[in-house]
Amino acid sequence: MFDLNWRAIAIRSYTAWAFYVLAFITVAPDIIYLTVQIDTNPAVWSSLQIWVIILGLAGRLVLQPRENARRRALIVLAIVVGTVLFGVQAMAQTTERQTMRIL
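Keep in mind the model is a prediction, meaning the values are calculated, not measured.

How each quantity is defined
- Residues numbered from 1 in each chain as written.
- Predicted model: local features only at pLDDT ≥ 70, side-chain atom pairs only at ≥ 80, totals over all residues.
- Heavy atoms only, no water.
- Helix = DSSP H or I, 4+ residues; strand = E, 2+ residues; numbered from the N terminus.
- Buried < 20%, exposed > 50% of the residue type's maximum accessible area, 1.4 Å probe, protein only.
- Contact = heavy atoms within 4.5 Å.
- Areas by Shrake-Rupley, 256 points an atom, 1.4 Å probe, with all protein chains shown as cover.
- Phe/Tyr/Trp six-rings, centres within 6.5 Å; stacked < 30°, edge-to-face > 60°.
- Core = buried A, V, L, I, M, F, W, Y, C linked by side-chain atoms within 4.5 Å.
- Expected span 1.5 Å × (residues − 1).
- Polar contact = N/O pair within 3.5 Å; in protein donor to acceptor, adjacent residues only side chain to side chain.

K.L.:
How would you summarise the overall build of the protein if you had to cite specific residues and measurements?
P.N.:
A count of helices and strands for the protein gives five helices and zero strands. Per-residue burial for the protein yields a buried fraction of 25% across its 103 residues. In the protein, the share of contacts with a sequence separation of at least 24, taken over all contacts with a separation of at least 6, comes to 77%. Counting only carbon and sulfur atoms, one obtains 69% of the accessible surface of the protein, whose full area is about 7900 Å².

Right, dumping it as structure tokens:
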């Protein structure tokens, strides 16, 4: 049974947004490779995934009242922009040795 307020949770919850960003980060390297044939740095993508998981866990612990919707939207936007800026590092062309390196 779904929560009666599931639509609002799916749209406004920090944890839901963390899942959306995590899904994007997971498929982004493949999309980049298939579209522009650039092999990105997997270590950066892994770091981004851990970062978003931590943010999602933290977001689950933060109160999210309706009256601060604008402030919450700015927080989510800042986190997404920061994550994208960090992710730009993954676009650097890697060598085969770096790509095959096991962390």
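Right, picking up where we left off after that structure.
K.L.:
If you had to explain the packing of aromatic side chains to someone new, which residues and values would you point to?
P.N.:
Taken as a whole and judged by the stated rule, the model has one aromatic pair. For the pair Trp17 and Tyr20, a centre-to-centre distance of 5.5 Å together with 80 degrees between the ring planes defines the contact as edge-to-face. With Trp17 and Tyr20 both in helix 2 (residues 14-36) and three residues apart, this pair spans about one turn of that helix. Given a relative accessible area of 40%, Tyr20 falls into the partly exposed group.

K.L.:
Let's hear about the nonpolar core: which residues, and what values?
P.N.:
Ranked by size, the top nonpolar core spans ten residues in total: Ala18, Val21, Leu22, Ile25, Ala28, Ile32, Val44, Trp45, Leu48 and Val52. Every element with two or more residues in this core is listed here: helix 2 and helix 3 (42-61). Top element by residues in this core is helix 2. It accounts for six residues.

K.L.:
Break down helix 3 for me, citing the residues and quoting the values.
P.N.:
With 20 residues, helix 3 extends 29 Å from end C-alpha to end C-alpha; this agrees with the ideal 28 Å at 1.5 Å per step. Of the residues making up helix 3, those classed as buried are Ala43, Val44, Trp45, Leu48, Val52, Gly56 and Gly59.

K.L.:
So what's going on with the side chain of Ser13? Which residues, and what values?
P.N.:
Among the structural elements, Ser13 can be located in the loop between helix 1 (6-12) and helix 2. When its relative accessible area of 12% is taken as the criterion, Ser13 is described as buried. Polar side-chain contacts of Ser13 include one of 3.1 Å to the backbone nitrogen of Ala16. Setting aside chain neighbours within four positions, we find Ser13 in contact with Ala8, Gln64 and Arg72.

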